[in-house]
Amino acid sequence: MPDQTFSAMQQSIIDGAPDTASALAQQALAAGIAPLDAINLGFVPGMHAVGEQFGQGKMFLPDMMASAEAMRAAMAVLEPELTKQGAERPMEGIVILGTTKGDIHEIGKILVGTLLQANGFQVHDLGVDVSGERFAASARELHADIVGVSALLTTTMRNQKTVVEALQKAGLRERVRVMVGGAPVTRRWADEIGADGYAKDAISAVALARELMGRKQVPGKGEQAADPQAALAPVAERT
Ligand code: B1M
C-alpha cells in the first residue's frame, strides 16, 4: 500500500498537479505515514525525475515550475506536522538560512529549515537570491550561531564563497559557523571555500548543525563526522 502511495506522490510531482499532491499528503498523514517518509520516499523522487527529464530535454521550464508548485502544495500539508513539536524542545541554536545570490531554488532549503526547526533550532529563512552582505547583516542582527547557504546551480555555488567572505569582512567569522549544501555542492567545495561543514541532505544538515554547535561551545573539541541517524531518530520519534 505505501509503495502505491509513494508512486502516486511521485507522479503528482511529475504531472505538476498541486491538488493531487496536497490530497495525497493529507491521505498519507491520515494513514499514519511519517511526513518525512512521504517527503523523502514519495515527493522528492518526483522532483529528481523531473530534473532528469529536464536535463534530457523531455521537460521544459514551465513543467519544472508546475512540479515545484506541486511540491510546495505537498510541503504545505506536511511541514506543520514536522515542525509541530520543535517549539517544545530546548533551543539548540540560531540558524540563518538562504539560497545564494542569483539562485531561486528554494525547496531543498525549505526542507532543511523545516527539519532544523523540528529539531529545536530557531530558523530565520531569508529566502532566495540572497547576497553575502545580507547574510552577514542578518547574522549580526539576529545573533546567528550558524549561517546555512544553499545553492542548486553550478554557476551560483560560487556565491557561497562570497558569504564566507562577507562574514569575514563584517568581523563575524570567528563566532558564526557556515554550512553549505545543495545538489552540486560537495564536501571538497566546502573545504575549498572555508565553510565549516557540508551536508548532503536535510537529515544530515540537522546532524551537522548539532555538530557545529558543539564545536562552537568547545572550540577545537572532537570534530566528528555528522551522523545522519542521530538526527533522524528524534524526528522519527515525534512523527
Ligand atoms: Co532548476 N535546475 N533551474 N528550477 N531545477 C536544476 C537544479 C537542474 C539540476 C535541472 C537539470 O538540468 N537537470 C539544473 C541545474 C544544472 C546545474 O547547474 N548543474 C537547473 C537549471 C538549469 C535551472 C535554470 C537555469 C533553467 C533555465 O532557466 N533554463 C533555472 C535557474 C533559475 C535560477 O535559480 N536563477 C531553473 C529554474 C527552476 C525553477 C524555478 C523552475 C524550479 C525551482 C522552483 C523553486 O524552488 N521554487 C526548478 C526546479 C524545481 C529544479 C529541479 C527539477 C528540482 C530542484 C528541487 O527542488 N529538488 C532541479 C533538478 C534536481 O534537483 N534533480 C533543477 C528537490 C529538493 C528536495 O532537493 O534542492 O537538491 P535539493 O535539496 C536537497 C539537498 O540538495 C540538500 O538537502 C535538500 C533536501 O534533502 N540541500 C542542503 C539543499 N540545500 C541545502 C543547504 C544545506 C544543506 C543541505 O545547508 C545550508
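**So, the packing of helix 1 (residues 2-14) against helix 2 (residues 18-30)**
Move 1: Helix 2 packs onto helix 1 with a crossing angle of 160° between their chain directions and a minimal axis gap of 9 Å. The angle between helix 1 and helix 2 places the two elements in the roughly antiparallel class. The way helix 1 lies across helix 2 gives a crossing that is left-handed. Residue-level inspection shows Ala 8, Met 9 and Ser 12 of helix 1 in contact with helix 2, the latter providing Thr 20, Ala 21, Leu 24 and Ala 28.
Move 2: Within the contact of helix 1 with helix 2, the residues separate by chemical class into five nonpolar, two polar and no charged.

**A look at the sheet that holds strand 5 (residues 197-198)**
Move 1: Reading across the sheet, the five strands line up as 2-1-3-4-5 and stay open at both edges, with parallel pairing between neighbours. A strand with exactly one partner marks an edge of an open sheet, and here the two such strands are strand 2 (121-125) and strand 5.
Move 2: Pairing of strand 1 (residues 93-99) with strand 2 involves five bridges; the strand directions are parallel. Pairing of Leu 97 across the sheet is with Asp 125, part of strand 2.
Move 3: Those strands touched by helix 5 (residues 107-118) are strand 1, strand 2, strand 3 (146-150) and strand 4 (177-181), and its axis lies near 155° from that of strand 2.
Move 4: Together, strand 3 and strand 4 form the strand contacts of helix 7 (residues 159-169), whose direction differs from that of strand 3 by roughly 155°.

**As for a nonpolar patch on the surface**
Move 1: Taken together, the side chains of Phe 54, Leu 61 and Met 65 define a hydrophobic patch exposed on the protein surface, amounting to about 310 Å² of accessible area.
Move 2: Relative to the elements of secondary structure, Phe 54 occurs in helix 3 (residues 35-55).

**With respect to the pattern of salt bridges**
Move 1: Evaluation of the coordinates by the stated rule reveals seven salt bridges.
Move 2: For Glu 106, the salt bridge is made with Arg 72, and the minimal N-O distance between the two is 2.0 Å. Here Glu 106, found in the loop between strand 1 and helix 5, pairs with Arg 72, found in helix 4 (residues 61-83); they are 34 residues apart in sequence, far enough to count as distant.
Move 3: We classify Glu 106 as partly exposed; its relative accessible area is 23%.
Move 4: Assessed through its relative accessible area of 38%, Arg 72 is described here as partly exposed.
Move 5: Residues joined in a network through salt bridges with shared partners are Glu 69, Arg 72 and Glu 106.

Calculation rules
- Residues numbered from 1 in each chain as written.
- Predicted model: local features only at pLDDT ≥ 70, side-chain atom pairs only at ≥ 80, totals over all residues.
- Heavy atoms only, no water.
- Axes fitted to C-alpha atoms, helices over the stretch in contact; angles between N-to-C directions.
- Helix = DSSP H or I, 4+ residues; strand = E, 2+ residues; numbered from the N terminus.
- Parallel < 35°, antiparallel > 145°, perpendicular 65-115°, else oblique.
- Left-handed = near helix turned anticlockwise from the far one by under 90°.
- Contact = heavy atoms within 4.5 Å.
- Nonpolar A, V, L, I, M, F, W, Y, C, P; charged D, E, K, R; others polar.
- Pairing = 2+ DSSP bridges.
- Patch = residues over 30% accessible without salt bridge, like charges linked within 9 Å, V, L, I, M, F, W, Y side chains within 5 Å.
- Areas by Shrake-Rupley, 256 points an atom, 1.4 Å probe, with all protein chains shown as cover.
- Salt bridge = Lys/Arg side-chain N within 4 Å of Asp/Glu carboxyl O.
- Buried < 20%, exposed > 50% of the residue type's maximum accessible area, 1.4 Å probe, protein only.

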